[in-house]
Amino acid sequence: QAQDFQEVQLDTAQLTGSTWERAQSGDLNNDFVQDIALSSGGDKGGMVFLYDGQALQQGNSKELASFTPYAKSTLAPWTFIEDFTGDGQRDLLTAGFDSSQDFNDIQLDDLELKAWLPADQGSQWDEQFNFDPFDSIHFGDHNGLAPVSHLNANQISVAMADVNLDNFQDVVIS
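Everything in this summary refers to the structure shown in the same document. (Residues numbered from 1 in each chain as written. Predicted model: local features only at pLDDT ≥ 70, side-chain atom pairs only at ≥ 80, totals over all residues. Heavy atoms only, no water.)

1. Concerning the pairing of strand E9 (residues 124–131)
Logical step 1: Relative to E9, strand E8 (residues 111–119) is paired through 7 bridges, and the arrangement is antiparallel. Opposite Ala-119, over in E9, you have Gln-124 as the bridge partner.
Logical step 2: Joining the antiparallel neighbours E8 and E9 is a turn of 4 residues, in which Asp-120 adopts a positive phi near 55°. (Pairing = 2+ DSSP bridges. Helix = DSSP H or I, 4+ residues; strand = E, 2+ residues; numbered from the N terminus.)

Given below as structure tokens:
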């Protein structure tokens, strides 16, 4: 816990059988306690699991919601907890691949961003829009502006920050 540095443990291995590849924290259900978003890949597909921070402080692992934002992908999606709508409530943004990807042959033009709004105090998440960042690039002659291809999954990262200081989160893909 941030208030007193007391260690808390989220035990989900028995509940999900998943191996976590990405983690994020933020208040998803408006109770002023940081909740946890975990992403996994593999045989369960690219799944996102959301856990209640309030229950975690009391020694319990309570799943708020889980969903598969990219059904065709077995890679773990990136998940970001931010208020994108400006309503004071945290929303989710996921980044992942909208097609099946080989770990050693990732195609960046299949990367897709999806925004999700909470319903029922964070137990359900509704997709609001999706965006393919590389679809809007005009490749020109000889594919001069095409994204790099044949990358492995360890060579790709997605992050969020206000990089241009306009008080809005930006998405950075590297």
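2. Concerning the sheet that holds strand E1 (residues 20–26)
Logical step 1: One open sheet holds the 4 strands; their spatial order is E1-E2-E3-E4, and the pairing between them is antiparallel. Whereas interior strands pair on both sides, the edge strands pair on one side only; in this sheet they are E1 and strand E4 (63–70). With strand direction ignored, the average angle separating the axes of adjacent strands in the sheet is 20°. (Axes fitted to C-alpha atoms, helices over the stretch in contact; angles between N-to-C directions.)

3. Quick look at the side chain of Thr-79
Logical step 1: Structurally, Thr-79 is set in strand E5 (residues 78–82).
Logical step 2: Classification of Thr-79 by relative accessible area gives buried; the value is 5%.
Logical step 3: Separated by 3.0 Å, the side chains of Thr-79 and Ser-39 make a polar contact.
Logical step 4: Once residues within four sequence positions are removed from consideration, Thr-79 is found in contact with Gln-24, Ala-37, Ser-39, Val-48, Leu-92, Leu-93 and Thr-94. (Buried < 20%, exposed > 50% of the residue type's maximum accessible area, 1.4 Å probe, protein only. Polar contact = N/O pair within 3.5 Å; in protein donor to acceptor, adjacent residues only side chain to side chain. Contact = heavy atoms within 4.5 Å.)

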